[in-house]
Structures are given as C-alpha cells and as structure tokens.
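Commentary on secondary and tertiary structure
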Number of protein chains: 2
Amino acid sequence: MTTLQDCRARDAADPLRALRDLFTIPAGVIYLDGNSLGVMPAAAPARIAAAVREEWGTQLIRAWNASGWFDLPQRLGDRLARLVGAQPGELVCTDSTSVNLFKVLSAALKIAAEDAPQRRLVVSERSNFPTDLYIAEGLCRERGYRLQLVDAPEQIAALLPETAVLMLTHVNYRTGAMHDMAAMSAAAHAAGALAVWDLAHSAGAVPVDLNGGGADFAVGCGYKYLNGGPGAPAFVWVHPRHAQRFWQPLSGWWGHAAPFAFTPDYQPAPGIARYLCGTQPILSLTGLECGLDTVLAAEPLGGMAALRAKSLALTDLFIALVEERCAGHGLELVTPRAHAQRGSQVCLSRSEGAYAIVQALIARGVIGDYRAGDAQMPDILRFGFTPLYLGFEDVWNAVEHLCEVLASEEWRRSEFNAKHAVT
Amino acid sequence: MTTLQDCRARDAADPLRALRDLFTIPAGVIYLDGNSLGVMPAAAPARIAAAVREEWGTQLIRAWNASGWFDLPQRLGDRLARLVGAQPGELVCTDSTSVNLFKVLSAALKIAAEDAPQRRLVVSERSNFPTDLYIAEGLCRERGYRLQLVDAPEQIAALLPETAVLMLTHVNYRTGAMHDMAAMSAAAHAAGALAVWDLAHSAGAVPVDLNGGGADFAVGCGYKYLNGGPGAPAFVWVHPRHAQRFWQPLSGWWGHAAPFAFTPDYQPAPGIARYLCGTQPILSLTGLECGLDTVLAAEPLGGMAALRAKSLALTDLFIALVEERCAGHGLELVTPRAHAQRGSQVCLSRSEGAYAIVQALIARGVIGDYRAGDAQMPDILRFGFTPLYLGFEDVWNAVEHLCEVLASEEWRRSEFNAKHAVT
C-alpha cells in the first residue's frame, strides 16, 4: 500500500518539483482542472500589467512596432512549435480552436476536392469534442460532404476508402483516451485520406510529433495545459506541403502578404501566416506568452518527455489510490490503463451522484469537473493532472477527500445537487 | 482668427470636459489616433488586474459562474447596443471584425440565394477597408458571386438591380467620409438587395441607428473609438428579422442552444447568440468592458449626440486652423467639409513628405498616422478626434506643431523618412 510518506518522498525526489513555483496556486486548492483552464503563472499579473500600462497605456499605437505586436502570433507560434514537433514558421497562435478548425478543415476539403473528388465523407468520433463536430457539420453541409461519426475507433478503417478527411482529437476531452497519432495518420494516408488533429488536450500535456506523426493539419487550445489564461488564443499548424496550396476562407488583413499596403485585392502571405485573419487580442496573447514560458521552463529538465513521465506517474498513482482507498464506492475507471492510450487526465464514472460528488469536492478545494453522460457514455468525474504544478502529495490528498465525500455521503446534501449555469 | 485663448475658453465651457479624466493620456502626447487604437481608460489597469488575479488566478474554472464569463459577450453587447441604435439581445461582442464580417456576409448570401437567386453581385467600394474586401473576395469565390468594386458611391445605384448584398463601411477609414446609412440602406432595399454595414470607425464616434437606419447586418471594432484595448474583441449585430433564419458557418460551441449539454449535433442558439463561435479571450473582453464604460459615461451628458457635436466642433476647428495657419504648405483637405458626410477624423494630403511629416509630428508627441496613397487616392496624413479625451487646446497645439514641422522642413531629416515595419 502506498502511504502519504511515500508521496512526500516522491515529491522530494521529483526533479520537476521547482516548476510549481512558477505558478500561483490558490491557498487550500488542489487543482485537477488544468485540462479545462490552466493555473495562472506567477509572472502573469506583472507581465499583463506591463502590456496594459506600458504597451497600451503609454506606447499606444506605437506599440505595434515598439512592442512587436504584429509578429506576436508568429513569435508565440515558433515557441509553441517546439512542444508539438513542429518547426519555426509552421504554426501561429490566433483566434479560437473552433475558428482555426474551420480554417484547416476548409483547406483540407479543398485539397480533397481536387485530389480525390469522389470521396465525400468527413469521418470523426461521436465522442469527439462537440465544437469540432459542430464546425465540421456546418462545413460538410456547405460543401456537400457527409459527416460520418463512429462510436469506436475500430470502425474508422472500413470508412477510409471513402473518406476525404479524418478529423480526430488526439486526447478525448471526456475519457482521457489517447489515439496513436502516427498510426491513425498513416492509416488515413495509406487509404488516400487527410488527417486533421485537434491537440486541445495534448499540447503541453503529452509529447506530440506533428511532423513525425504524419499529421496534415492541427489545431489546439492555449488555455488548458498551456496555461495561457481564460479564452487565450488557440493555435493552428499546417504541414508545409499544404500550407501554400490554398487560401483558408477567413482571408483577413493579418494573413495578407503585404498587410500594410492596404491593397483592395487579397494576396495570401507565404506559409502559415495566411492562417491569420483579423487583429488579435494582445492582452490575451500576452497571457498565452506567460503560459508558454511555464511549459518551456521544463526544457532544461527534460522537456515534454520528463513532463510526460511525471504525468503518467501522477495518473498511475491516482488510479492506484482510488482503487485501494475508495473500493466499494461504485467508482469505475473510464480512462485507459495502458500508458500509450492515456492522456494526462483520469475519468471515473459512477451510476449515481457524479455531479454532486464533483461539487462536494470543489467545496473542499479539490477542483475537478463533471461531464454529463449520454447514450454512449456514463456521467463522468473528470480529473486533470498538470505535472508542472501538481505533486504526489496533492494526489494523495485529493483521493483522501474523494474517499471522505463518498464515505460520509455528504454529496447528497442539496447544495451539491443544485446545477450551476456552467457545469 | 481663432486664438489659443478662444480654444482654452471653449475647453472651460465644454460640458464633456470632465470625461477626459476617465483616461490616462501619456504626458506630452496629443493623441489623434483614437481611430486606430483608443487611449487606455484609467480604470483599465485595476479592472484587468482583478480579472487576472481574482478571476483567473483565484476563482480559476469557477469564474465561469462566479464572474459571469459565459454571458460576457452578451452583457457587453447589450451595453454597446445602446450606442448604435440596437436593442438588448441583438448584438454580441466577440471575435475580430474580419471574422464577424465573414459570419454576416455568409448569412446575407444565404438569404440572397434563397430570396433572389438570380442576383450574383456583392457590391462595395474600392476604398473600403481592405480586410472587408478580402473577406468578401474569399466568400464570393466560394459561393460563386462576383465582388464588384466601385470608385465612387454614385456608381452603386446602377448596380443594385443585380446586387445580392451591398457591403459598405459607414465611415471610410482613410478619408473620414461618412455614408448616409438610412439612404443607402433604403436604396438597397428598394432595389431588392441587403445592406451590410461595417461600423469600425463609427461606433462610439458618431450616432448610429441600426434599427432606424434599415441595416440588415453590421459589424464593428472594439479597440478604436470604443477604447477597448489592443485587439479587443469586435461586435456583430443582426436584424431580428434575419437572426434566426440561418446558421452562420462558424458554428462553434458558444453559439449552441445548449452549450453545456455537449451533444454531438449542432443546434443554434436562438437570436444573436448563434453568432458566437469559440471561447472568447476574457482578459481582452475585460478591456473592452472598461472602454465601453468610458463611452457610456457620456450618457448623462447627452450621450452620442453630445459627443457628435463636440467631435464636429473639434474637426471644424482643426480644418479652420490648418487653413488659417498652415496655408501655403501644400496641404489639401481630403475629408468632406459637410457635417453630414464627415466622421470623426480629418485627413490631409500632400504631394510630398506625408509619411515623414507624420513621423516628425509623432516625434513631437502629436500622434496621428499615415496611409499610403494609390491610383485613386494621394498619400494621407490622418488625424482622429475622440471627443471623450480631446480638447480644443489640443487641437490648437497639434496644428501649431504641424505648422512648425512644415515651416522648419524638419520632416526632411533622414530619421523621419526611414520606414517602420508597421506604418
């Protein structure tokens, strides 16, 4: 049996432990929701205050040159590229994940229409993050494609011969199950389809190798494991073999080859810059810069490989402690046990009270979240593990609270069963 | 002849003078570029710091409920609606102007395709803000329409019988010329076309009556006269008669009827909320909230009508002083003299040195900007007048500097002729 002392010893021996000091973790909180909104970097308040007072307040319009606003999406993109197996110049930080998915799926469908016009399917998983499906649904309707959703990844292979674009999220937002990106991309390519990946729950959480993994297009989120702050701009990556082939349809001035020439006709910028559109929210981009700093701070300590090793150790420990200490309380593990199939979160299901148990935990300062079930999936208690700022003792304490909430049945109290606007 | 004393007397008698204290104007600066990026509200640093430290840093994911992040685009939209003749529930603050234009132009083209399928033109002005033309160019190509650009507004009428959508910017970004929105919309409707308006240089600067003016769709900018901070989210308005008719193609989760139900199929929210797409940059939206506060602070003092009266007084004075004091220096007035045709800026052209003159003025703390000419238009010195924070003495001093720069020929110095990345 693992003990609290074991956990403390592991924290003391953890070479990444010092990275926790890069964050401001609220007192009394064990934060297991970094897969929804990452913790604030300690440097963020001063850095954002400087962007407000010095860049906006004092430099005003001169900040476009003096503070390099114009290149910010590319500068941040070049830094983020290192975390996802991309090269400088291949990735920009901009807009929202949904808007970026619209851009890349539009481009992918254009390529497919030219190279393989007989293919009329966009294939994805019914359990994919809904906004990805909504964007695909709209585009398919517009372009005359059919969005085919599968219930299990094994059903994909049979569809590939008719598939124009295979659109997958690398780590499932609800279950934490992770795809083998290289294998799925290779299968898509072998069958003549393109592979579009959403890295929302991957970037900063698990190693990703976009170039090595055979992806064609990718998008991802800035405010989850990248700790960029609420609604921080997202990112978009396009394989260099595709980047110059088409415009994306959101052809705004920031993606123009000569954005300050103010010519009436659109000429797309070379490379990934054409995936920019309108003026970007500089204050929120500044937050993203602070978040990227925290993940890149792990580079001298082993980078994403070291973060991944710790993430797996944390999720392994959580699973083991839940099974040791909460046995008999009706919790079922939803997330795969196999490391190769697990992202950086652990999801548990329970036939009753999942929502209220999460609320009772939040009241105790253990912040995870709840995702409602449906025909395919039970209600879920979702716990994200960000190795940058979580330790092994945190995991121990979180499980201790979970045991107490279940043993005491305090989750049955009415206050924990009242639904909030946002769950 | 107007004197400095006259200007000071007008400031002393100005009922809007106290609004200047709502801003932090850098020492030594006369800021005539609020049509590009508005001055920072004095309340912004503390308000944004609270969003960073308290909402993000402390509440973390709980801020979605505790700080009302989810309704922020609508809450700000309802407040902004008052400034542009719209009703609560008709307008949301979100994304960039370019992205919002894509949404509304897509919707307008869908309506046209259904109601008037024989019409194949989108009509706009060659002098329209380029990003609007780029977005229209992409959509026209996609949907099989032709983008027809006119050199003068008088050429529009003849095209209307074939026009699906008339897309205009209310106040021209370069010349400051203002359209009669009601007359142009009425002409479009009489001929069976739809009217899409860009209010980038109008919202917060001139009275706008979207419902009374017969507009079908409108977009606008948050960081110019609304003082929302660099790259602050833009806004989108749709007339209630159109709002529920179609999806816009950027069908992301924030525009879903039940965004937290996480269903795999898209059901658009009723009304304007369906024009939301992905997660919004909360810190930049918070900046916009501060900016809206400054414009709404004029409401007890007469609101947009009072701001408009002062704006015209400021631009009239600037024109008069330039003509009195800079005569013989080759400056030509580009902006219309007629009040009904003038926005809140004054543009001057000069056959030589326009760029360098602007740089020399900036070095003196008089911040305007330069817009390069083309076949239709000479090089321009552009001066924006935000009545919230500019006074009559500012105008006097700005013209004084302009006279000195021209008389001394200091603009010929090499430092003022070196081009910056962003001009």
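- Per an unreviewed UniProt entry, chain A goes by the name Kynureninase and belongs to Pseudorhodoferax aquiterrae.
- Quoted verbatim from the Function (unreviewed entry) field of UniProt, the annotation for chain A is "Catalyzes the cleavage of L-kynurenine (L-Kyn) and L-3-hydroxykynurenine (L-3OHKyn) into anthranilic acid (AA) and 3-hydroxyanthranilic acid (3-OHAA), respectively."
- The record in UniProt for chain A states the following under Sequence similarities (unreviewed entry): "Belongs to the kynureninase family."

1. Some words on the interface of chain A and chain B
- Each side of the interface is counted separately: chain A has 80 residues, and chain B has 80 residues.
- Each partner contributes to the roughly 7,000 Å² buried at the junction of chain A and chain B, and carbon and sulfur atoms together form 69% of this total.
- Linking chain A with chain B are four salt bridges, by the criterion used here.
- The partner of K110(B) in a salt bridge is E142(A), and the shortest N-O contact between them spans 3.3 Å.

2. Describing the nonpolar core
- Judged by nonpolar contacts, the single largest core of 316 residues is most densely connected at L402(A) and L402(B).
- With residues up to four places along the chain from it excluded, the contact list for L402(B) reads V322(B), C326(B), L331(B), L348(B), I357(B), L361(B) and L381(B).

3. Looking at the relation of the copies chain A and chain B
- Superposition of chain A onto chain B requires a rotation of 180° combined with a translation of 0.0 Å along the rotation axis, giving an RMSD of 0.0 Å. What we have between these two chains is a two-fold relation.
- A share of 100% of interface residues in chain A that are also interface residues in chain B marks the association as one of identical surfaces.

4. Looking at the sheet that holds strand β8 (residues 235-238) of chain A
All names here are of chain A.
- Taken in spatial order, the seven strands of this open sheet run β2-β8-β7-β6-β5-β3-β4, and their pairing is mixed. The open sheet terminates on both sides in strands that have one partner only, identified here as β2 (91-93) and β4 (146-150). Sheet twist, expressed as the average angle between the axes of neighbouring strands with direction ignored, equals 15°.
- The pairing of strand β6 (residues 194-198) with strand β7 (residues 217-220) spans three bridges and is classified as parallel. When the sheet's bridge partners are listed, V196 is paired in β7 with F217.
- Packed on one face of the sheet, helix α5 (residues 97-115) meets β3 (121-125), β5 (163-169), β6, β7 and β8 and runs near 170° to β7.
- Contacts from helix α8 (residues 181-190) reach β5 and β6 within the one sheet, and its direction differs from that of β6 by about 150°.

Conventions used here
- Residues numbered from 1 in each chain as written.
- Chains lettered and ligands numbered in written order.
- Predicted model: local features only at pLDDT ≥ 70, side-chain atom pairs only at ≥ 80, totals over all residues.
- Heavy atoms only, no water.
- UniProt positions renumbered as here; feature names shortened; annotations may be inferred.
- Contact = heavy atoms within 4.5 Å.
- Buried area = accessible area lost by both parts, 1.4 Å probe.
- Salt bridge = Lys/Arg side-chain N within 4 Å of Asp/Glu carboxyl O.
- Core = buried A, V, L, I, M, F, W, Y, C linked by side-chain atoms within 4.5 Å.
- Buried < 20%, exposed > 50% of the residue type's maximum accessible area, 1.4 Å probe, protein only.
- Least-squares fit on C-alpha atoms with pLDDT ≥ 70 in both.
- Pairing = 2+ DSSP bridges.
- Helix = DSSP H or I, 4+ residues; strand = E, 2+ residues; numbered from the N terminus.
- Axes fitted to C-alpha atoms, helices over the stretch in contact; angles between N-to-C directions.

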